[in-house]
Amino acid sequence: MTGAAIVGIGASPQGKLPGSSALSLAVDAFTAALADSGLSKHEVDGLLTFPGTTSPEGPLNYLRLGEELGLDPRITGSMSMGGGTAGALIQTAVAAIEAGQAATVACVFGDAARTGGSRFSRASGWGDTWDLWGMYGAAANSALVASRHMAVHGTTSEQLAEVAVACRYHASLNPRAVMRTPITIADHQASRWIVEPLHLLDCCLISDGGVCVIVTSLDRAKDGPHPAVRIAGMGQAYTNRTLGNPDWLTMPHQKVALDAAYRGAGVGARDVDVAQLYDNFTISVLLWLEHGGFCGPGEGGSFVEGGRIRLGGELPVNTGGGNLSESYMEGWLHVVEGVQQIRGEADQRQVPGAEVCLVTGRGMSLNCANAMILTPAA
Amino acid sequence: MNATPDQVARPQPVINDMNAPHYRALAVGELRLQRCGQCGLVRYPIASICPNCLGRESVWEVLSGRGAVYSTGVFHQVYNAAFAGQVPYNVSIVELEEGPRLMTNVVGVDPASVKVGDAVRVVFTEIGEGTYIPQFVPAA
């Protein structure tokens, strides 16, 4: 168990926000989270940031945002791990708090990815970049994961559709969500190919928005206006290799991160009431379910059938709508939704009696994985 | 209107001291990758040091060019106008008999007909003047 808790969550408006910038969205998120926490700005002595894809200052984002907010933190910095960054920053905040380097850390992200000229479609690879073969964008990595999963395990596109349909249904209940019109498996099947075997509706959104999560010690967390949410367990694992890693597409590092989070919290898959699983593409949810021990290896496709991951099902997943339908905040809103579930403040989306929430993140070319277990602090 | 393929040049490799032997070999119909002089690993991507044992010595070994499709997909989305005339096109990861996996294309067949596990062999495709890349075709 860690000695830290989340006491503030905040998000800017989400979606297509002309005139916004990475900075303006990060500022909006920070002020919203600060108000949610009931803390004053001067109590925030740590600032950790994700520059996202459109911050002109890039890795110096912590300096820019710190200046804008008038903060003089005891610990600060920026990390860029794509969809793995939210979890990595929050876990770094926990470590800093436990080490006595800071009392209260704001983890902040803003990105005008939709209107600000983000380039998610660039090719990967450092030396011989994959554009030599026309291999571009994030969808293609996951298409190759899905293609292999289908060939080895018999997973079907209709099973992937179950993930998209569940996320959209959850988004329909979420006023923060960008895409709220319910879809069917047939809608998914009729949507155009992006990189076969992935259809358009297998893919996450691209969104403008900002999110902030404020972490403090358990002692300080008692006094807030909302129930504090303990980061009971946490884990990270990485591979810095893609083609050079024989297991790259199966991402066993995810299981390492999950096992560490479970171990730290003293829980297992059967204890999880609700899960926020990083869904850049539908196939990712299947891998998380398998690595998380909710089903056996290769069984993710059959697991998600029949509404099992919808609200009311055995394991509600991505109850806010996820990257697929809520907003593409690179996993930051997965944390926010997890906190709301444990607070019991998720309104129509509330999983009754939720006391254990799993939150996962993953970024770059499947390289950076993390997991956290959230529980009530009291 | 999107630019036509003729208007947008296809991406070209950045050839440097480290990878030049690979590209020189491709131009004469050989697939060469580095074999570590210390642990024997045939590595890809091309690198200055062995990612297994950190050995500095390596030799550019001629490989069989035979392998199997590890995973495969079909691009319908155009991310770079240079490929606008090629969609739908295949992108596959091919696992060579010697171990390394390459990002590549399986060409000369319906792109959606390529299956995981298919046996393939290398072909050398000129994408710029004197510049070749390895692609694959079904092994006859």
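Residues numbered from 1 in each chain as written. Chains lettered and ligands numbered in written order. Predicted model: local features only at pLDDT ≥ 70, side-chain atom pairs only at ≥ 80, totals over all residues. Heavy atoms only, no water.

Student: Can you walk me through the side chain of Ser207(A) in this structure?
Tutor: Residues and elements named next belong to chain A. Take Ser207: it is sitting in the loop between strand 6 (198-199) and strand 7 (208-217). Classification of Ser207 by relative accessible area gives buried; the value is 1%. Among the polar contacts made by the side chain of Ser207, one reaches the side chain of Ser327 at a distance of 3.2 Å. Reaching out from Ser207, the side chain makes a polar contact with the backbone nitrogen of Tyr328 at a distance of 2.8 Å. The residues contacting Ser207, other than those within four sequence positions of it, are Gly15, Asp111, Ala113, Arg114, Ser327, Tyr328 and Met329. (Helix = DSSP H or I, 4+ residues; strand = E, 2+ residues; numbered from the N terminus. Buried < 20%, exposed > 50% of the residue type's maximum accessible area, 1.4 Å probe, protein only. Polar contact = N/O pair within 3.5 Å; in protein donor to acceptor, adjacent residues only side chain to side chain. Contact = heavy atoms within 4.5 Å.)

Student: Just to check I follow, could you spell out the pattern of salt bridges for this structure?
Tutor: Close approach of charged atoms allows side chains of opposite charge to pair. All names here are of chain A. The final tally for this structure, using the stated rule, is 15 salt bridges over all chains. A salt bridge links Asp45 to Arg74; its shortest N-O distance comes to 3.3 Å. Of this pair, Asp45 sits in the loop between helix 1 (22-37) and strand 2 (46-50) while Arg74 is found in the loop between helix 2 (61-69) and strand 3 (75-78), placing the two residues 29 residues apart along the sequence. Residue Arg64 pairs with Glu68 through a salt bridge whose shortest N-O separation is 3.2 Å. With Arg64 and Glu68 both in helix 2, this residue pair falls four residues apart, about one helical turn. Given the relative accessible area of 30%, Arg64 is considered partly exposed. Via salt bridges that share partners, Arg176, Glu326, Glu337 and Arg349 belong to a single interconnected network. (Salt bridge = Lys/Arg side-chain N within 4 Å of Asp/Glu carboxyl O.)

Student: Looking at this structure, I do not really get the nonpolar core. What am I missing?
Tutor: Generally speaking, nonpolar side chains in soluble globular proteins are found buried as a group. Of all hydrophobic cores here, the largest spans 88 residues; its most connected members are Leu289(A), Phe294(A), Leu358(A), Ile373(A) and Met103(B). Here this core spans two domains, since at least three of its residues come from each of domain 1 (16-63) and domain 2 (64-140) of chain B. In this structure, Phe294(A) is in contact with Tyr262(A), Ala269(A), Val272(A), Trp288(A), Leu289(A), Phe303(A), Leu315(A) and Leu358(A), ignoring residues within four places of it in sequence. (Core = buried A, V, L, I, M, F, W, Y, C linked by side-chain atoms within 4.5 Å. Domains from an automatic or database assignment.)

Student: So what exactly am I meant to see when it comes to the side chain of His291(A) here?
Tutor: Residue and element names in this part refer to chain A. One can find His291 in helix 9 (residues 282-291). Among the polar contacts made by the side chain of His291, one reaches the main-chain carbonyl oxygen of Thr250 at a distance of 3.2 Å. At 2.9 Å, the side chain of His291 and the side chain of Gln254 are in polar contact. Not counting the four nearest positions on each side in its chain, His291 is found in contact with Thr250, Met251, Pro252, Gln254, Lys255 and Leu258.

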